[in-house]
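A structural walkthrough
Letter by letter, the chains look like this.
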Amino acid sequence: MPTLLGFGAILLWAALALLTSLTTRIPLFEWLALTFGLATVFSLPILLRRGALASLRAVPAGAWALGIIGLFGYHALYMLALKNAPTAQAGLIAYLWPLLIVLFSMVGQAWRRWVLPIAGGLLGLLGAGFLVVDPSEGGFRSEFALGYGFALACALMWSSYSVLNRRYAGVPTVAVVVYCGIAAVGGLVLSLLLETWVTPTALEWVGLIGLALGPMGLAFFVWDYGTKHGNVTLLGALSYFAPLLSTILLVLTGRASPSWALAAATVLIVGGAGLAALGLRSGQRSEAD
């Protein structure tokens, strides 16, 4: 069940690109402040439940640092990558995080048991590459090095957060409300210091509210629970469904066109996830024997 809940976050993240496309006019830190702020407001009923606040008293400082830096840092780096490099290349580099989750979570394990999960993760990466690489961009160019660096840091940030989060399995998921609240305050302070505030339009509010309810709201809670109590390696492999489902959603809403790349990615991503799941199941059976 925890792994299934974690997969729910992957489904919610499929709407991230579509909803973000409605809010691209909003400056980076204002965007972070509004999305995290709305997510905090929507999540307050969870925090106000009986015993919820008391459960946070024993949360160690390391868990607070990991949660706040993980959520805020990943999204800040992701947006900076998109602003400083072509979307296709930056997106591909940023989407190394599922593969990194698979690799990081297997440290210390007998490598023979994890050949199939690694192969599945690599197939998923290749499938994601079909979705985001545009030959017309001319490949990687030195003038976009800063953006590529942000994208790589983004991948390292989210994969590290997801794997290290398991060390704090005893921390209640309600702490995510506080993570979002502090991230919102940080975004607001940086926006007031560095940016000119932009008043969102009605359509932009739709995008912001949608983000706060799903990809940058509920998704954090189920991912937190899934990475703490579920199979992190399998979640990493299954995460390649996010770019696939995201592209399908863009096609269905008329913001992208169907292509051979989408068909190829479907085969690679579904096949890679299945291969990883098969390998993990085989490994678990071997341990049981």
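Before reading on, note that the structure itself is shown above.
In this report, the structure presented in the accompanying data block is examined. (Residues numbered from 1 in each chain as written. Predicted model: local features only at pLDDT ≥ 70, side-chain atom pairs only at ≥ 80, totals over all residues. Heavy atoms only, no water.)

Quick notes on the overall build of the chain
The criterion, for reference: For helices the rule is a DSSP run of H or I covering at least 4 residues; for strands it is a run of E covering at least 2, with both sets numbered from the N terminus onward. The cut-offs for exposure are 20% and 50% of the maximum accessible area for each residue type, with area from a 1.4 Å probe on protein chains only; residues under the lower value are buried, those over the upper are exposed, and the others partly exposed. Residues are treated as being in contact if the distance between any of their heavy atoms lies within 4.5 Å. Residue exposure ignores everything except the shown protein chains as possible cover, and the areas themselves are Shrake-Rupley values with a 1.4 Å probe.
Helix and strand counts for the chain stand at 14 helices and zero strands. Across the chain, helices and strands are ordered from the amino to the carboxyl terminus as α-α-α-α-α-α-α-α-α-α-α-α-α-α. Split into buried and exposed, the 289 residues of the chain put 52% on the buried side. Put simply, of all contacts in the chain between residues at least 6 apart along the chain, 90% involve residues at least 24 apart. With the model as given, the accessible surface of the chain reaches about 13,200 Å², and the carbon-plus-sulfur share is 69%.

What to know about the side chain of T35
Checked against the element boundaries, T35 lands in helix α3 (residues 28–47). The class of T35 is buried, set by a relative accessible area of 0%. Among all residues touching T35, those that are not within four sequence positions of it are L208, L211, A212 and M216.

A look at a nonpolar patch on the surface
Quick reminder of the rule: The patch calculation keeps residues exceeding 30% relative accessible area without a salt bridge and links them within 9 Å when they carry like charges or within 5 Å when they are nonpolar (Val, Leu, Ile, Met, Phe, Trp, Tyr). By definition, a salt bridge exists where a carboxyl oxygen of Asp or Glu is found within 4 Å of a side-chain nitrogen of Lys or Arg.
On the surface, V41, F42, L44, L48, W205, I209 and L213 cluster together into a nonpolar patch covering about 630 Å² of accessible area. Of all the secondary structure elements, the ones that give two or more residues to the nonpolar patch are α3 and α11 (202–229). By the secondary structure assignment, L44 is in helix α3.

Here we look at the pattern of salt bridges
Opposite charge on two side chains makes pairing possible when the charged atoms of those side chains draw close. The full count for this structure, using the stated rule, is two salt bridges. We note a salt bridge from R25 to E204, for which the minimum N-O separation is 2.8 Å. With a gap of 179 residues between them, R25 in the loop between α2 (16–20) and α3 and E204 in helix α11 connect regions that are remote in the sequence. For R25, a relative accessible area of 46% corresponds to the partly exposed category. A relative accessible area of 5% places E204 in the buried class.

A look at the side chain of K228
Using the following cut-off: N or O atoms within 3.5 Å of each other form a polar contact, as long as, within protein, one can give a hydrogen and the other can take it, and as long as residues adjacent in sequence are counted only when both atoms are side-chain atoms.
Tracing the backbone through its elements, the reader meets K228 in helix α11. The exposure class assigned to K228 is buried, which follows from its relative accessible area of 3%. Within the local environment of K228, its side chain forms a polar contact with the backbone oxygen of V171, the two atoms lying 2.8 Å apart. A polar contact is formed between the side chain of K228 and the side chain of D224, at a distance of 3.1 Å. Contacts of K228, omitting those with residues within four sequence positions, involve N165, R166, Y168, A169, V171 and P172.

Some words on the nonpolar core
Grouped burial of nonpolar side chains is what soluble globular proteins tend to show. Counted only if it meets this: Here, the term nonpolar core denotes a set of buried Ala, Val, Leu, Ile, Met, Phe, Trp, Tyr and Cys residues that are joined through side-chain atoms within 4.5 Å.
Core analysis: the largest hydrophobic core is formed by 79 residues, its most contacted members being F36, L71, W97, W158 and W223. If you tally residues by element for this core, the top one is helix α5 (residues 61–84), at 10 residues. If we ignore the near neighbours within four places in the chain, the residues touching W97 are W13, Y74, A155, W158, S159, W223 and S239. In terms of nonpolar packing, the next biggest core, distinct from the first, is built from five residues, V102, M106, W114 and A276 among them.

A word on the packing of aromatic side chains
As a reminder of what qualifies: Any two of the Phe, Tyr and Trp rings considered here, Trp counted by its six-membered ring, make a pair once their centres fall within 6.5 Å; the pair's planes then place it as stacked at under 30 degrees, edge-to-face at over 60, or tilted in between.
Tallied over the full model, the rule gives 11 aromatic pairs. Centre to centre, the rings of W13 and W158 are 5.8 Å apart; their planes meet at 80°, and the pair counts as edge-to-face. Of this pair, W13 sits in helix α1 (residues 2–13) while W158 sits in helix α9 (residues 145–164), and the two are 145 residues apart along the sequence. Considering the side-chain rings of Y74 and W158, the 4.9 Å spacing of their centres and the 45° angle between planes classify their relative orientation as tilted. With Y74 in helix α5 and W158 in helix α9, the pair connects residues that are 84 residues apart, well separated along the chain. Looking at W158, the relative accessible area reads 2%, which means it is buried. These aromatic residues form a ring-pair network of at least three members: W13, F36, Y74, Y78, W97, W158, Y161, F220 and W223.

Brief notes about the environment of L278
Mapping L278 onto the fold places it in helix α14 (residues 260–288). Residues L278 and G120, 158 residues apart in the sequence, show an inter-C-alpha distance of 9.3 Å.

Details of the packing of α3 against α11
Put simply, the test is: Note on definitions: angles span 0 to 180 degrees between N-to-C directions of axes, and those axes are lines fitted to C-alpha atoms, for helices only across the stretch in contact. Each angle gets one of four labels, with under 35 degrees taken as roughly parallel, over 145 as roughly antiparallel, 65 to 115 as roughly perpendicular, and the rest as oblique. It is the rotation of the near helix from the far one that decides the hand of a crossing: anticlockwise by less than a right angle makes it left-handed, clockwise makes it right-handed. Each residue is assigned to one class: nonpolar for Ala, Val, Leu, Ile, Met, Phe, Trp, Tyr, Cys and Pro, charged for Asp, Glu, Lys and Arg, and polar for all the others, Gly among them.
At their nearest, the axes of α3 and α11 sit 8 Å apart, and the two run at 60° to each other. If you check the angle between α3 and α11, you find them oblique. Of the two possible hands of crossing, α3 and α11 adopt the one that is right-handed. Listed contacts from α11 to W31, L34, T35, F36, L38, A39, F42, S43 and I46 of α3 are W205, L208, I209, L211, A212, L213, M216, G217, F220 and F221. Its residues assigned to classes, the contact of α3 with α11 comprises 16 nonpolar, three polar and no charged.

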